[in-house]
Amino acid sequence: MPLIYRKTAKGLAEIETRAHRLPPRLRSALILVDGRRDVNDLRPMILQQPEETLAALAEQGFIEAVGESAPSPARPPSPPAPPPPAPAGSDFDGTRKAAVRALTDLLGPAAETAAIKMEKARDFAELMPLLTQAAQSIAVMRGRAAAEAFARRFGVL
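Right, let's walk through the structure included here. Note that the coordinates shown come from a computational prediction; the quantities given were computed from them, not determined experimentally. (Residues numbered from 1 in each chain as written. Predicted model: local features only at pLDDT ≥ 70, side-chain atom pairs only at ≥ 80, totals over all residues. Heavy atoms only, no water.)

Tallied over the entire structure, the rule returns eight salt bridges. Arg-6 is the salt-bridge partner of Glu-64, the closest N and O atoms lying 2.7 Å from each other. Placement of Glu-64 in strand 2 (residues 63-68) and of Arg-6 in strand 1 (residues 3-7) is noted, with a sequence separation of 58 residues between them. You can call Arg-6 partly exposed: its relative accessible area is 42%. Between Asp-34 and Arg-36 there is a salt bridge, with the nearest N and O atoms lying 3.3 Å from each other. With relative accessibility at 63%, the residue Arg-36 sits in the exposed group. (Salt bridge = Lys/Arg side-chain N within 4 Å of Asp/Glu carboxyl O. Helix = DSSP H or I, 4+ residues; strand = E, 2+ residues; numbered from the N terminus. Buried < 20%, exposed > 50% of the residue type's maximum accessible area, 1.4 Å probe, protein only.)

Mapping Glu-112 onto the fold places it in helix 6 (residues 112-120). Take Glu-112: its relative accessible area is 52%, and that puts it in the exposed class. A sequence separation of twelve residues divides Glu-112 from Val-100, and the C-alpha atoms of the two residues are 9.2 Å apart.

With that settled, consider the packing of aromatic side chains. Counting across every chain of the model gives two aromatic pairs. Between the aromatic rings of Phe-92 and Phe-124, the centroid separation amounts to 5.2 Å while the plane-to-plane angle is 80°, which identifies the pairing as edge-to-face. With Phe-92 in helix 5 (residues 92-107) and Phe-124 in helix 7 (residues 124-142), this residue pair connects regions lying 32 residues apart in the sequence. Given a relative accessible area of 13%, Phe-92 falls into the buried group. Between Phe-150 and Phe-154 the ring centres are 4.9 Å apart and the planes differ by 55°, which places this aromatic pair in the tilted class. Assigned by exposure class, Phe-150 and Phe-154 land together as buried. (Phe/Tyr/Trp six-rings, centres within 6.5 Å; stacked < 30°, edge-to-face > 60°.)

Outside of glycine, negative phi angles account for most residues, and trans bonds account for most peptide bonds. Although it is not a glycine, Arg-18 sits at a positive phi angle of roughly 60°. Topologically, Arg-18 is positioned in the loop between helix 1 (9-17) and helix 2 (24-32). Phi at Gln-49 is positive, roughly 45°, even though this residue is not glycine. With respect to the secondary-structure elements, Gln-49 resides in the loop between helix 3 (39-42) and helix 4 (50-59). Assessed through its relative accessible area of 46%, Gln-49 is described here as partly exposed.

It is worth spelling out the packing of helix 7 against helix 8 (residues 144-153) at this point. Taken N-terminus to C-terminus, the directions of helix 7 and helix 8 make an angle of 160°; their axes are 7 Å apart at the nearest point. For the element pair helix 7 / helix 8, the angle class is roughly antiparallel. The handedness of the crossing between helix 7 and helix 8 is right-handed. Listed contacts from helix 8 to Leu-131, Ala-134, Ala-135, Ile-138, Ala-139 and Arg-142 of helix 7 are Arg-144, Ala-146, Ala-147, Phe-150 and Ala-151. Across the contact of helix 7 with helix 8, the residue classes break down as nine nonpolar, no polar and two charged. (Axes fitted to C-alpha atoms, helices over the stretch in contact; angles between N-to-C directions. Parallel < 35°, antiparallel > 145°, perpendicular 65-115°, else oblique. Left-handed = near helix turned anticlockwise from the far one by under 90°. Contact = heavy atoms within 4.5 Å. Nonpolar A, V, L, I, M, F, W, Y, C, P; charged D, E, K, R; others polar.)

Structure, rendered in structure tokens:
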């Protein structure tokens, strides 16, 4: 069964202070460790050498194993059912925040550039092309089903 990791006190301190000056690859992975995701969930989010990266964080005392996840079915888990898309003219700020959060949850650190652009959008006209680009990135990194769910949720299908 896949291990679940959480940040240690040293890991939490590193997130806040950067005292140990972790390389970007290790820091990005450390940010993703939350005590809920198991190794199978983290693997697609950690873009380079996920097993070695997690092992290095554990060896250096930034993360620790807290248990094992329940056995999963043979097929990969499907993304959660998205809420209905926001209608045009609805709460722009809420939609933008939800899109940034969803993108970050799906792509982890790889979403940073797109998330920053989305946060700078001032209205739906600026946000919609960014949502389309985000859906394309999700398709490449997480698969077509995840991309379609994201696109449906934010009305870019």
